[in-house]
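Next come the chains, spelled out residue by residue.
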Amino acid sequence: LGWACWKTYLGRPETEQVRHAAMQVLGSGLYAAKRHEDAMVVQEADLSMKRRVGESDHNILAAMSNLAATYAAVGDLEKAINMERGIYSGRLKLEGEDDPQTLIAANNYTFSLTERKRFEEAKSLLRRTVPV
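Just so we're clear, the structure is a prediction, and the values are computed from it rather than from any experiment.

Each value, and the rule that gives it
- Residues numbered from 1 in each chain as written.
- Predicted model: local features only at pLDDT ≥ 70, side-chain atom pairs only at ≥ 80, totals over all residues.
- Heavy atoms only, no water.
- Helix = DSSP H or I, 4+ residues; strand = E, 2+ residues; numbered from the N terminus.
- Expected span 1.5 Å × (residues − 1).
- Buried < 20%, exposed > 50% of the residue type's maximum accessible area, 1.4 Å probe, protein only.
- Contact = heavy atoms within 4.5 Å.
- Polar contact = N/O pair within 3.5 Å; in protein donor to acceptor, adjacent residues only side chain to side chain.

Concerning helix α4 (residues 57-73)
Between its terminal C-alpha atoms α4 stretches 24 Å, which fits the 24 Å expected from 17 residues at 1.5 Å a residue. Where α4 is concerned, the buried positions are I60, L61, A63, M64, L67, A68, T70 and Y71. Buried residues in α4 make contact with α2 (17-32), α3 (36-53) and α5 (77-95). After α4 finishes, the residue G75 shows a positive phi value of roughly 90 degrees.

Shown next, in the form of structure tokens:
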């Protein structure tokens, strides 16, 4: 279904939301089917297109979140960590430290750090985001 959606809207201008939606559906479908390498290619293209056409910061951060999860799924944890850091930073600037999306980004970033056994960085981040 994702490929059919993509093929239907491929010829549309990059600025049309329906084309962006088709890429998101395709990337999500490939990820759900555990075709992570294919999903990564689609999600990288989607993020690049969003940046090129000036999508909102919110939409760019959402695309980055999807891509970070895919990087982790293919085993590229350093790319995932770098992307999670950028997402967390972006959410802080865009929505503030108490916003649920910022807290989710902090959680995802912390999880990625712990996967790489970077416990001190994870602990420092948690101390900033979860007051004791």
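Moving on from the coordinates now.
Points about the environment of D38
Relative to the helices and strands, D38 resides in helix α3. Classification of D38 by relative accessible area gives partly exposed; the value is 34%. Between the C-alpha atom of D38 and that of L26, which follows or precedes it by twelve residues, the distance is 9.6 Å. Of the polar contacts made by the side chain of D38, one reaches the side chain of R35; its length is 2.8 Å.

Section: the environment of I87
Positionally, I87 belongs in helix α5. Owing to a relative accessible area of 1%, I87 belongs among the buried residues under this scheme. Setting aside its immediate chain neighbours within four residues, I87 contacts L61, M64, S65, A68 and A105.

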